[in-house]
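Structural overview
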Amino acid sequence: QDVEPSSRNLDGHNRATDIDLTSADTTIVVDLSENVGPGTISGVVTSETTGNPIPGTEVVLLDGFTGAPIRTDTRLDQGYYEFAGVPVGLYKLSFMAPGHASEYYNDQAGIDQANIITIDQTTTDVTADAQLSDAGRLGVTVTTAGGDPLAGVIVRIWSLDLGTLAIADSTDSDGKVLFSQLPPGNYRVSTDPMDEYIGYDEDNSHAVVANARTNVTVQMLQGGRIAGQILDVLTGMPINSTYNIQLFRGNTPEAVDNTWSTDGNGNYIIEGVPAGTYKVRYEASDYIPSFADAPSERWEDGVVVTVGKGQTTVKDVSLWPDKGATIVGRVTLSTTGHGVGSVAVEVFEPASGNIRHATTTSADGSYRVGVDADTDYIVRYRPPGNTGFAPEWWNNQRSVLNANPVNLTEGEIFAADVELEPRTGEITGRVTASDTGEVLTGIYVGVFNKGSGELVNWTSSRDNGTYHLKGLQTGVDYLVLAQDIPHYYWSTPEYSGHWYNSQESKSTADAVRPTNASPVVTGVDFALGKAGIRGRVTDVLGRGIPGVEVTVASDRIDGIGNDTTIGEPWLIRHNVRTDGAGYFEVGSLMPGDYTVEAYSNDDFLVSTFYDGKTNVMDADRVHVGIDGYRQADITMIIGETLTGQVVEEGTTTGLADVMVTFHGETYKNVHTDATGRFTVTGLAPDDDYIIHLDAPVTGYASRFPSQWYD
């Protein structure tokens, strides 16, 4: 009764008045007149091929923040749809029709790229037409290694053209699933782990064409499962906030890509684990992150968990509370007061610029994050997607330079509410190839605050090469960067990037300023070239060396990588191998200075940088511009050889199987033979080494000899 329903305000359910239907003649009169909004969203859905209206189209009005469906219209007359009485707010639209590719407004393949439709007191009537293309079909069959069908497997279809997840569904009793409304293009197929079966995630590509079907068969190999319950060590109560359960391979501190979480009773299950040994790390809000059976964050302290094929390994764990401090609050819209879900709350350490703690707001905008006591922090609130709202810092500060620090005492609970204000500034443009002029799709475009250097927002170019950055403050200078970065670990970018107006670095980039008079800045275009480093690795006689690993690296490049938090530089590293004649090439490099290092498995060759140096600090850098390749040939240096013997102290008795490690510009280790003698090759000439002796025999101590070897 008089409680506003909203997908962003779930507590409305708790405040609503109960209706008693125990009596057969109960009548409830509901007056909706005051809840009707001022807006109307309407349009016509037609075929891109024929131009005719498409009957049977389903149009869904979605919440602009959460993507939750609000209303559906399937009563299209001549392709026309209409949503009347829409309240003030932000919205998106999805379109689905038989035989046609599903899409979001405005001609977007994914919900994250969908354009926002705004209804306010000045914008009440919005026309949003759609033209749907003919669809292709992709049929997937999932079986065991023996060919038996697997039912209930989640199959994911990834668009290789857009670099996004296109759609997901589960297999039927015959192990089959049909995706019938895919836009023509190239797709990759993967499956989630299920029960003891290992998820399929290999590199693959399948072409889908209009009005045709492509069939794919995927085999899932059998593995095992790890399951258990997470408890509070002091109370014995289950912990349902264990949101980051990581699996590590037992013989190396290398984490598996996926993470898992607990249910409401603290239970977890990790499915499709290949048979072998593992260690498990558990992380929960306000608890000390720990490995299984060890209240420690050290991988070395973790207990090995053995997984067998077709078996479930049970591992219950108790976590110790972290007695620090807590920040709580609620994120709302300044215009409506509605809570905003899915806002990233990021707690930074100002000195390093690194995120130390993070969480996400719930559907009603509330959040809770545990932090260390007696430590200075600044807190950023980052809305989801490319909306009309931009990140803000507590206490409603718009720049990291003005962010108010928070320092809490042990056990303190600090209330930090934030109101997100709409920002009308926008930047638009087009991304093309500098050599051909063709439009480029899927190029990341980011906008940075010139004053603070922080990344404010980013998006990617559409099918027609255009991009649209929203949520910018008028009267502020921004720097815009276009960059072709890989969407997945197996993909390779083709183009290099640069700052607006063909500038190589942030320090020289031209600023773009939306104003109150002209809030939308258009024509911020980019023409991307292909830049990189190529060369040949040879020996001292000029012969090409095949199979050499070449590393191109720079620690002074800024871009839109995952490590870019508040606009700081991030590490760029590329590894390739020389071909049969010793040649190599690394493309798609951002402008900047790079080191080029060649490393060979030949024990007699020393890792050598471009210009013949063996020390990264002394190595010459190769400068890469916004277009064109730079030549960096390397002649590998033949290393020196050193021999010696390890004996028992005070005697001449040689000790066998002692590991002798050389620490210097290069790193080498060998083991002594039965007489205690050793030979090490490939040492850098004119370099100093410290030698460490690691004794495997009980009764001998590992040590560093006092002398240095030149």
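Every value quoted in this text rests on a predicted model; they were computed, and no experiment measured them. (Residues numbered from 1 in each chain as written. Predicted model: local features only at pLDDT ≥ 70, side-chain atom pairs only at ≥ 80, totals over all residues. Heavy atoms only, no water.)

Let's talk about the overall build of the protein chain
- Secondary structure assignment for the protein chain yields one helix and 57 strands.
- Across the 710 residues that make up the protein chain, the buried fraction comes to 46%.
- Sequence-distant contacts, at least 24 apart, represent 66% of the contacts inside the protein chain between residues at least 6 apart.
- Summed over all atoms, the accessible surface of the protein chain reaches about 34,300 Å², with 47% contributed by carbon and sulfur. (Helix = DSSP H or I, 4+ residues; strand = E, 2+ residues; numbered from the N terminus. Buried < 20%, exposed > 50% of the residue type's maximum accessible area, 1.4 Å probe, protein only. Contact = heavy atoms within 4.5 Å. Areas by Shrake-Rupley, 256 points an atom, 1.4 Å probe, with all protein chains shown as cover.)

Regarding the sheet that holds strand E31 (residues 392-393)
- The strand order across the open sheet formed by four strands is E28-E27-E30-E31, and the pairing between neighbours is antiparallel. With partners counted over all chains shown, the strands left at the sheet margins are strand E28 (354-360) and E31, one partner each.
- Alignment of strand E27 (residues 344-349) against E28, held across six bridges, turns out to be antiparallel. Bridged to Glu 349 within E28 is Asn 354. (Pairing = 2+ DSSP bridges.)

Let's talk about the sheet that holds strand E55 (residues 667-671)
- If you trace the three strands from one edge of the open sheet to the other, you get E55-E54-E57, paired in antiparallel fashion. Edge positions in the open sheet fall to E55 and strand E57 (690-694), since each of these has one partner strand only. Put simply, the sheet's adjacent strands are angled 20° from each other on average, direction ignored.
- When strand E54 (residues 659-663) meets E57, the two strands line up antiparallel, connected through five bridges. Considered in E57, the bridge of His 663 is made with Ile 690. (Axes fitted to C-alpha atoms, helices over the stretch in contact; angles between N-to-C directions.)

Some remarks on the pattern of salt bridges
- Scanning the model with the defined rule gives 15 salt bridges in all.
- Here Arg 423 and Glu 392 are joined by a salt bridge, their closest N and O atoms 3.7 Å apart. Linking Arg 423 in the loop between strand E33 (418-420) and strand E34 (425-433) with Glu 392 in strand E31, this pair joins segments that are 31 residues apart in sequence.
- Look at Glu 392 and you get buried, because its relative accessible area is 2%.
- One salt bridge connects Arg 577 with Glu 549, and the closest N-O pair in it is separated by 3.5 Å. Here the residue Arg 577 occupies a position in strand E44 (residues 570-577), and Glu 549 occupies one in strand E43 (residues 549-557), the gap between them amounting to 28 residues.
- A residue is classified by how much of its surface remains accessible, and Arg 577, at 49% relative accessible area, is partly exposed.
- Taking the relative accessible area as the measure of exposure, Glu 549 reaches 27% and is therefore partly exposed.
- Counted as one network, the salt bridges with shared partners bring together Asp 195, Arg 225 and Glu 271. (Salt bridge = Lys/Arg side-chain N within 4 Å of Asp/Glu carboxyl O.)

Comments concerning empty space enclosed by the protein
- Applying the stated criterion to the full structure yields one cavity of 30 Å³ or more.
- What the largest cavity holds in volume is close to 30 Å³.
- Around the largest cavity sit Pro 391, Arg 398, Arg 423, Glu 454 and Val 456, which together line it.
- Looking at the lining of the largest cavity, its residues break down into two nonpolar, no polar and three charged. (1 Å grid on protein atoms, 1.4 Å probe; cavity = no way out; pocket = protein on both sides within 12 Å on 5 of 7 lines; lining within 4 Å. Points joined across faces, edges and corners; volume = space filled by probe spheres on them. Nonpolar A, V, L, I, M, F, W, Y, C, P; charged D, E, K, R; others polar.)

What about a nonpolar patch on the surface?
- Among the surface-exposed residues, Val 540, Leu 541, Phe 604 and Ile 638 lie close enough to one another that they form a single nonpolar patch of about 430 Å² accessible area.
- Tracing the sequence through the fold places Val 540 in the loop between strand E42 (531-538) and E43. (Patch = residues over 30% accessible without salt bridge, like charges linked within 9 Å, V, L, I, M, F, W, Y side chains within 5 Å.)

Considering the confidence of the model for the protein chain
- Residues with a pLDDT of 70 or more make up 88% of the protein chain, whose mean pLDDT is 83.
- Low confidence marks residues 487-491, where pLDDT is under 50. Its contacts with residues over four positions away, or in another chain, come to 13 contacts.
- Here residues 557-571 scores under 50 on pLDDT; set against residues more than four positions off or in separate chains, the count is 56 contacts. (pLDDT = per-residue confidence, 0-100.)

A word on the packing of aromatic side chains
- Per the counting criterion, the structure on display carries 13 aromatic pairs.
- Centroid distance Tyr 500 to Phe 526: 6.1 Å. Interplanar angle 70°. Geometry classified as edge-to-face. Of this pair, Tyr 500 sits in the loop between strand E39 (498-499) and strand E40 (520-521) while Phe 526 sits in strand E41 (residues 526-528), and the two are 26 residues apart along the sequence.
- One aromatic cluster is present, built from ring pairs that chain together Tyr 81, Phe 83 and Phe 95. (Phe/Tyr/Trp six-rings, centres within 6.5 Å; stacked < 30°, edge-to-face > 60°.)

Remarks on the nonpolar core
- Core analysis: the largest hydrophobic core is formed by 26 residues, its most contacted members being Ile 533, Val 537 and Val 596.
- Breaking this core down by element, the ones donating at least two residues are strand E38 (478-483), E42, E43, strand E45 (583-586), strand E46 (592-599) and strand E49 (622-624).
- Leu 333, Val 347, Tyr 367 and Val 371 belong to the second-largest nonpolar core, a separate cluster that totals 25 residues. (Core = buried A, V, L, I, M, F, W, Y, C linked by side-chain atoms within 4.5 Å.)

Details of a negative patch on the surface
- Where like charges cluster on the molecular surface, the negative patch consists of Glu 48, Asp 107, Asp 161 and Asp 463.
- Residue placement: Glu 48 occurs in the loop between strand E1 (39-47) and strand E2 (58-63).
- On the basis of relative accessible area, Glu 48 is assigned to the exposed category, the value being 51%. (Lys, Arg positive; Asp, Glu negative; His and termini not counted. Charge placed at Lys NZ, Arg CZ, Asp CG, Glu CD.)

Structural notes on unusual backbone geometry
- The omega angle of the peptide bond from Tyr 105 to Asn 106 is 5°, so this bond is cis rather than trans.
- Residue position: Asn 106 is located in the loop between strand E6 (103-104) and strand E7 (117-119).
- Here the residue pair Trp 394 and Asn 395 is connected by a cis peptide bond, since its omega of 10° sits within 30 degrees of zero.
- Tracing the backbone through its elements, the reader meets Asn 395 in the loop between E31 and strand E32 (413-415).
- Despite not being glycine, Asp 107 has its phi angle at roughly 60°, a positive value.
- Summarising the element assignment, Asp 107 is placed in the loop between E6 and E7.
- Taking the relative accessible area as the measure of exposure, Asp 107 reaches 43% and is therefore partly exposed.
- The backbone phi angle of Asn 211 is positive, close to 60°, even though this residue is not glycine.

Here's the deal with the side chain of Asp 539
- Within the secondary structure layout, Asp 539 lies in the loop between E42 and E43.
- The buried category is assigned to Asp 539, whose relative accessible area is 14%.
- Polar side-chain contacts of Asp 539 include one of 3.0 Å to the backbone nitrogen of Leu 541.
- If we ignore the near neighbours within four places in the chain, the residues touching Asp 539 are Ile 545 and Thr 635. (Polar contact = N/O pair within 3.5 Å; in protein donor to acceptor, adjacent residues only side chain to side chain.)

A word on the environment of Arg 137
- In this structure, Arg 137 sits in strand E10 (residues 136-144).
- It is 5.6 Å that separates the C-alpha atoms of Arg 137 and Phe 179, two residues lying 42 residues apart in sequence.
- With residues near it in sequence (within four places) discarded, Arg 137 still touches Leu 178, Phe 179, Ser 180, Val 208, Ala 212, Arg 213 and Thr 214.

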